[in-house]
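# Results of the structural survey
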Amino acid sequence: MKRAVFPGSFDPITKGHFDIIERGVTLFEEVIVAIGVNADKKYMFTLEQRQAFIKDAFKNEPKVKVITYKGLTVDFCLKNNVQFILRGLRNPADFEFEKAIAHTNRDLAPIETVFLLTAANTSYISSSIVRDVIRNHGDYTKLVPNSVRV
């Protein structure tokens with residue numbers, strides 16, 4: 001079974017993330033949305049909220065699983081028999097950052113990284129922008145799936 005992990009903090013999930021996952025299920029038999037837990041990071045949404053946003057967004061897609069994890073993504077992949085890491089690219093800066101991570105991951109384990117370009121209409125969206133819009137009481141609903149409600 002071709003399985004991919006789509007790792008991230010998803011604080012919160014955006015329409016860009018949603019697009020990558022939705023397109024990922026056409027390429028893989030299963031896409032595991034893996035929410036990384038980093039004790040040093042300050043999150044706007046709790047882990048439970050982030051899980052609920054994603055599970056609700058994909059409640060009608062049986063090929064999407066939502067799991068939390070700590071540690072290296074490649075270790076998660078090895079423990080869970082996942083052959084691919086799925087990543088979205090919004091711009092050249094994302095590519096350079098993700099390329100370095102992909103090379104490192106490939107050195108650590110036999111895991112391939114697959115990059116998908118974000119859709120043009122979501123390429124400007126990032127979780128940090130969404131958080132800023134929410135903090136300043138703006139209309140964030142245009143930037144996130146319907147499952148994300150504050």
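Residues numbered from 1 in each chain as written. Predicted model: local features only at pLDDT ≥ 70, side-chain atom pairs only at ≥ 80, totals over all residues. Heavy atoms only, no water.

## A short note on the side chain of R131
Structurally, R131 can be placed in helix α5 (residues 127–135). Judged by relative accessible area, R131 falls into the buried class, the value being 19%. The contacts of R131, once residues within four sequence positions are left out, are D11, P12 and M44. (Helix = DSSP H or I, 4+ residues; strand = E, 2+ residues; numbered from the N terminus. Buried < 20%, exposed > 50% of the residue type's maximum accessible area, 1.4 Å probe, protein only. Contact = heavy atoms within 4.5 Å.)

## Regarding the layout of surface pockets
Gaps left between atoms are located by rolling a probe of water-molecule size over the structure's atoms. Of the voids in this model, the largest pocket is the one considered here, and its volume is about 1000 Å³. As for the largest pocket, its lining consists of 39 residues, of which P7, G8, S9, R87 and E98 are closest to the centre. When residues of the lining of the largest pocket are traced back to their parent elements, those giving at least two are β1 (3–8), α1 (15–24), β4 (84–89), α4 (92–108) and α5. No other element matches α4, which puts eight residues into the lining of the largest pocket. Of the residues contributing to the lining of the largest pocket, the split by class is 15 nonpolar, 17 polar and seven charged. (1 Å grid on protein atoms, 1.4 Å probe; cavity = no way out; pocket = protein on both sides within 12 Å on 5 of 7 lines; lining within 4 Å. Points joined across faces, edges and corners; volume = space filled by probe spheres on them. Nonpolar A, V, L, I, M, F, W, Y, C, P; charged D, E, K, R; others polar.)

## A word on the pairing of β1
Sheet faces and side chains relate simply in a regular strand, where the side chains alternate between the two faces. β1 sits mainly inside the fold: five of its six residues count as buried. The pairing of β1 with strand β2 (residues 30–36) spans six bridges and is parallel. When the bridges of β2 are listed, A4 appears paired with V31. Summarising the sheet, β1 and β4 pair through two bridges and their orientation is parallel. By the bridge assignment for β4, V5 is matched with I85. (Pairing = 2+ DSSP bridges.)

## Brief notes about the UniProt feature "binding site: substrate" (unreviewed entry) in the chain
As annotated by UniProt and renumbered to match this structure, "binding site: substrate" (unreviewed entry) occupies S9, K41, T73 and R87. For the largest pocket, the lining residues drawn from the annotated set are S9, K41, T73 and R87. With respect to the secondary-structure elements, S9 resides in the loop between β1 and α1. The residues contacting S9, other than those within four sequence positions of it, are I35, K41, Y43 and R50. With respect to the helices and strands, T73 occurs in helix α3 (residues 73–79). Not counting chain neighbours up to four residues away, the residues in contact with T73 comprise V5, P7 and I85. A polar contact of 2.6 Å, which involves the side chain of T73, links it to the side chain of Y69. (UniProt positions renumbered as here; feature names shortened; annotations may be inferred. Polar contact = N/O pair within 3.5 Å; in protein donor to acceptor, adjacent residues only side chain to side chain.)

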